[in-house]
Amino acid sequence: MADGRPIIFSGIQPTGRKHLGNFIGAIRQYVEGQDRGDPAIFCVVDLHSISVPYEPADLRERVLDTAAILLAAGLDPERCIFFRQSDVREHTELTWLLSAVTSHGDLDRMTQFKEKSGRARELASAALFYYPVLMAADVLAYRATEVPVGDDQRQHVELMREIARRFNARFGEVLVVPELVLPEVGARIMDLQEPERKMSTTGGTEAGTVLVLDDEKTIRKKVGSAVTDSGREVRAAPDKPGVTNLIDILAVARGTGRAEIEREFDGLGYGDFKRAVADGVVELLAPVRERYEELRPDEAGLEATLAAGAEKARAIAAATLVDVRERMGFG
Ligand code: AQP
């Protein structure tokens, strides 16, 4: 941390199907963080994607899709470090070293593993089970002080904090215990069709998941058919998950809070409200889609950006690994 500025790190999975939840919960925070962080480091976490079945031939394409989405959303490689996880091998080495201070019981308590492995628990890959250790290595390799993520990653960040504490207690003060940073509004955007569950890449409904790359017509259709309730009141409340979710989405799009949205739509019906939400989401995402169309064809340019970022990232991670290896008695 230089001059009290945070070291920010966060990672995002490679897919072209990034959704409004990813955008609001994570990508928006990255763009804001790049001027606050010193440095701010963002990474397309391709190593994480092998924890579920995947196509090797698609993986590189999905990394480039995601890189183009993030750059289109406003990441600027001049103001942050932006790279592909597998280009920096220190992540995998540190994963193994951190496993010395991670217990089987820690990993067994992770709800994401339980949800994603479901009833086929015995068949789930060891990589899915081990995912939180790799995520801990991602962040701890940079001695990051802040981890901007959505609420679904809270448990994983708590575990990485515990891993850092245990490592320091066992081997000496080498790692930094990072802080979880959630957005004030929109830490958990819900599926528009099933607002009791989060908007998700793999687990959500097609109609309830707004993609960053959806065109205007599709966005309007999805928002227009969002589940609300039988009332008329635009008010955030635990028994109104659909309306609350739309209020949060509009609050983020307008850069205001829930109260302002509730005041504005006081006495108006859900029709007017949903139209405003659709306008807000279109305004938020249309510029990203347009810029993505310009950036995505330049694969050599995207590769060069990621490679330059990897070089900067490697220099930082390698220095941490020197300290970790030394304290652990290697080399
Ligand atoms: N619904 C959400 N609301 C707010 N933030 C969210 N995030 C994910 N869903 C929501 C945040 O997005 C960041 C990137 O996530 P990711 O692409 O690395 O992987 P993920 O968590 O696997 O994405 P999904 O959509 O949640 O996929 P599924 O459901 O298939 O696992 C993270 O910071 C995450 O918190």
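Residue positions are counted from 1 within each chain, in the order its sequence is given. Since the coordinates come from a predicted model, pLDDT governs what is reported: local features require at least 70, and pairs of side-chain atoms require 80 or more to be given and counted, while whole-chain, interface and lining totals use all residues. With hydrogens and water stripped out, all remaining heavy atoms of the structure feed into the side-chain values.

Draft legend 1. The arrangement of helix α12 (residues 299-328) in detail. In this model α12 runs 41 Å from its N-terminal to its C-terminal C-alpha over 30 residues, within 8% of the 44 Å that 1.5 Å per residue would give. Residue burial is assigned from relative accessible area. The probe radius is 1.4 Å, only protein chains are included, and a residue is buried under 20% of its type maximum, exposed over 50%, and partly exposed in between. Secondary structure is summarised from DSSP: a helix means a run of H or I of at least four residues, a strand means a run of E of at least two, and numbering begins at the N terminus for each. Taken together, the buried positions of α12 are occupied by L302, E303, L306, G309, A310, A313, A317, T320, L321, V324 and M328. Buried residues along α12 sit against α2 (56-73), β3 (81-84), α3 (90-98), α6 (126-140), α7 (154-171) and α11 (270-295). Immediately downstream of α12, the backbone of G329 shows phi near 90°, a positive value. A helix is expected to span 1.5 Å multiplied by its residue count minus one. Throughout, a contact is declared for two residues whenever any of their heavy atoms are within 4.5 Å.

Draft legend 2. Here's a closer look at the site of the ligand. Nearness is defined per residue: one heavy atom within 4 Å of the molecule or strand is enough. As a structural note, the neighbourhood of the ligand is formed by 22 residues, with K18, D152, K198, S200 and T202 the closest of them. N or O atoms closer than or at 3.5 Å make up a polar contact, with two conditions inside protein: a donor-capable atom paired with an acceptor-capable one, and, for residues adjacent in sequence, both atoms drawn from side chains. Contact between the ligand and H19: an oxygen atom at 2.6 Å from a side-chain N or O atom of the residue. One of the backbone nitrogen or oxygen atoms of M199 is found 2.9 Å away from a nitrogen atom of the ligand. A total of 640 Å² of accessible area belongs to the ligand in isolation, and the protein chains cover 95% of it. Among the elements that make up the shell around the ligand, the one with the highest residue count is helix α1 (residues 20-33) (four residues). Basically, the charged four are Asp, Glu, Lys and Arg, the nonpolar ten are Ala, Val, Leu, Ile, Met, Phe, Trp, Tyr, Cys and Pro, and anything else, Gly included, counts as polar. Within the shell around the ligand, the residues separate by chemical class into six nonpolar, 11 polar and five charged. Computed by Shrake-Rupley with a 1.4 Å probe, the accessible areas treat only the displayed protein chains as cover when residues are assessed.

Draft legend 3. Summary view of the nonpolar core. Nonpolar cores are built from buried Ala, Val, Leu, Ile, Met, Phe, Trp, Tyr and Cys residues. Side-chain atoms within 4.5 Å join them into one set. The biggest cluster of nonpolar side chains holds 55 residues, and the ones touching the most others in it are L20, F23, F82, I249, F273 and L285. Mapped onto this core, the elements with two or more residues apiece are β1 (8-12), α1, β2 (40-44), α2, α8 (216-224), α9 (241-254), α11 and α12. Top contributing element to this core by residue count: α11, with 12 residues. Setting aside residues no more than four positions away along its own chain, F23 makes contact with R28, A73, V212, L284, L285 and V288. Formed by 44 residues, the second largest nonpolar core is a distinct cluster that contains C43, L98, V147 and L175.

Draft legend 4. A look at the packing of aromatic side chains. Planes of paired rings set the category: under 30 degrees apart is stacked, over 60 is edge-to-face and the rest tilted, where pairs are Phe, Tyr or Trp rings (Trp by its six-membered ring) whose centres lie within 6.5 Å. Under the criterion given, the structure shown has six aromatic pairs. Relative to F171, the ring of F167 lies with its centre 4.9 Å away and its plane at 45°, an arrangement referred to as tilted. Here the residue F167 and the residue F171 both occupy positions in helix α7, the gap between them amounting to four residues, near one helical turn. Relative accessible area serves as the criterion here: at 0%, F167 is assigned to the buried category. We classify F171 as buried; its relative accessible area is 17%. Relative to F273, the ring of F265 has its centre 5.3 Å away and its plane inclined at 65°; by these criteria the two rings are edge-to-face. Accessibility expressed as a relative area gives 0% for F273, which makes it buried. Put simply, the rings of F9, F83 and Y142 pair up and form one aromatic cluster.

Draft legend 5. Representation of empty space enclosed by the protein. Every definition here rests on a 1 Å grid over the protein atoms only: cavities are sets of points where a 1.4 Å probe fits but cannot get out, pockets are open sets enclosed by protein on both sides within 12 Å along at least five of seven lines, and lining residues have some atom within 4 Å of a point. Grid points are joined across faces, edges and corners, and a volume is the space filled by probe spheres set on the points. Evaluation of the coordinates by the stated rule reveals one cavity of 30 Å³ or more. Its volume calculated, the largest cavity comes out at about 30 Å³. Elements represented by at least two residues in the lining of the largest cavity include exactly α5 (111-117) and α6. It is α6 that contributes the most residues to the lining of the largest cavity, three residues altogether. Looking at the lining of the largest cavity residue by residue, the classes come out as five nonpolar, two polar and no charged.

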